[in-house]
Amino acid sequence: MSSSTAATTRQDRFEHGMEILDRVDGEGGRRVVDALAGISPELGHQIVAWAFGEIYDRPALGPRDRQLVTLGALTALGGCEPQLEVHVNAALNVGLTPEEIVEALLHSAVYCGMPRALNATFAAKKVFAERGLLPVQAR
């Protein structure tokens, strides 16, 4: 494969990833990639081309399911509140309701512990406040 073909393929993967990133994360995703430009543009490229262009776009799970998995994983990891904010926005963008997000975070308390579920819930609360979605109706 020539270097021009590899560059085109790399660029194609990036462009495809940007389409998916824009559809799912919107402006929040672009801000993350832009913030990496001055320190690690390659990490930004990999987030777009690999995570979104290749993994996120696989057909076996839909965007709603992928966001539920992502919210659970970030909650379990702990210390990922900035990423949780981006993905709570993404979850709303792909059709999850605030009630479904809150329920997923409540469910995570069983497996991740109360402190991590609390931190994730407060990250969601911040996003909901920014989007005018508070209060969330309890079921």
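Presented here is an overview of the structure given in this document. (Residues numbered from 1 in each chain as written. Predicted model: local features only at pLDDT ≥ 70, side-chain atom pairs only at ≥ 80, totals over all residues. Heavy atoms only, no water.)

This part covers unusual backbone geometry. Omega for the peptide link from Leu134 to Pro135 comes to -5°, which places this bond in the cis form. As for its position among the elements, Pro135 is in the segment after helix 7 (114–130). (Helix = DSSP H or I, 4+ residues; strand = E, 2+ residues; numbered from the N terminus.)

Our focus in this paragraph is the environment of Leu36. By the secondary structure assignment, Leu36 is in helix 2 (residues 27–36). Non-local contacts of Leu36, meaning those with residues more than four positions away in its chain, are made with Pro41, Leu43, Gly44 and Ile47. (Contact = heavy atoms within 4.5 Å.)

Further remarks concern the nonpolar core. Within soluble globular proteins, side chains that are nonpolar generally end up buried alongside one another. Ranked by internal contacts, the top residues of the largest apolar core, which has 15 residues, are Leu71, Val88 and Ile101. Contributions of two or more residues to this core are made by helix 4 (63–77), helix 5 (81–93), helix 6 (98–112) and helix 7. For this core, the leading source of residues is helix 7, giving five residues. In contact with Leu71, not counting residues within four places along its chain, are Leu84, His87, Val88, Ala91, Ile101 and Leu105. In this structure, Ile20, Leu21, Val33 and Val94 belong to the second largest nonpolar core, which totals 10 residues. (Core = buried A, V, L, I, M, F, W, Y, C linked by side-chain atoms within 4.5 Å. Buried < 20%, exposed > 50% of the residue type's maximum accessible area, 1.4 Å probe, protein only.)

Following the criterion strictly, the structure yields five salt bridges and no others. Here Glu54 makes a salt bridge to Arg13, at a shortest N to O gap of 3.5 Å. On the criterion of sequence distance, the pair formed by Glu54 in helix 3 (residues 41–56) and Arg13 in helix 1 (residues 3–24) is long-range, its members being 41 residues apart. Given a relative accessible area of 37%, Glu54 falls into the partly exposed group. Glu85 is the salt-bridge partner of Lys126, the closest N and O atoms lying 3.4 Å from each other. With Lys126 in helix 7 and Glu85 in helix 5, this residue pair connects regions lying 41 residues apart in the sequence. Look at Lys126 and you get partly exposed, because its relative accessible area is 41%. (Salt bridge = Lys/Arg side-chain N within 4 Å of Asp/Glu carboxyl O.)

This part covers helix 4. Between its terminal C-alpha atoms helix 4 stretches 21 Å, which fits the 21 Å expected from 15 residues at 1.5 Å a residue. Among the residues of helix 4, Arg66, Gln67, Leu71, Leu74 and Thr75 are the ones counted as buried. One side of helix 4 holds all its buried residues, which, seen down the axis, span an arc of 165°. Seen from the open side of helix 4, the exposed residues pointing more than 90 degrees away from its buried face are Val69 and Leu77. Among the residues trailing helix 4, Gly78 stands out with phi positive, at a value near 70°. (Expected span 1.5 Å × (residues − 1). Arc of directions from axis to C-beta.)

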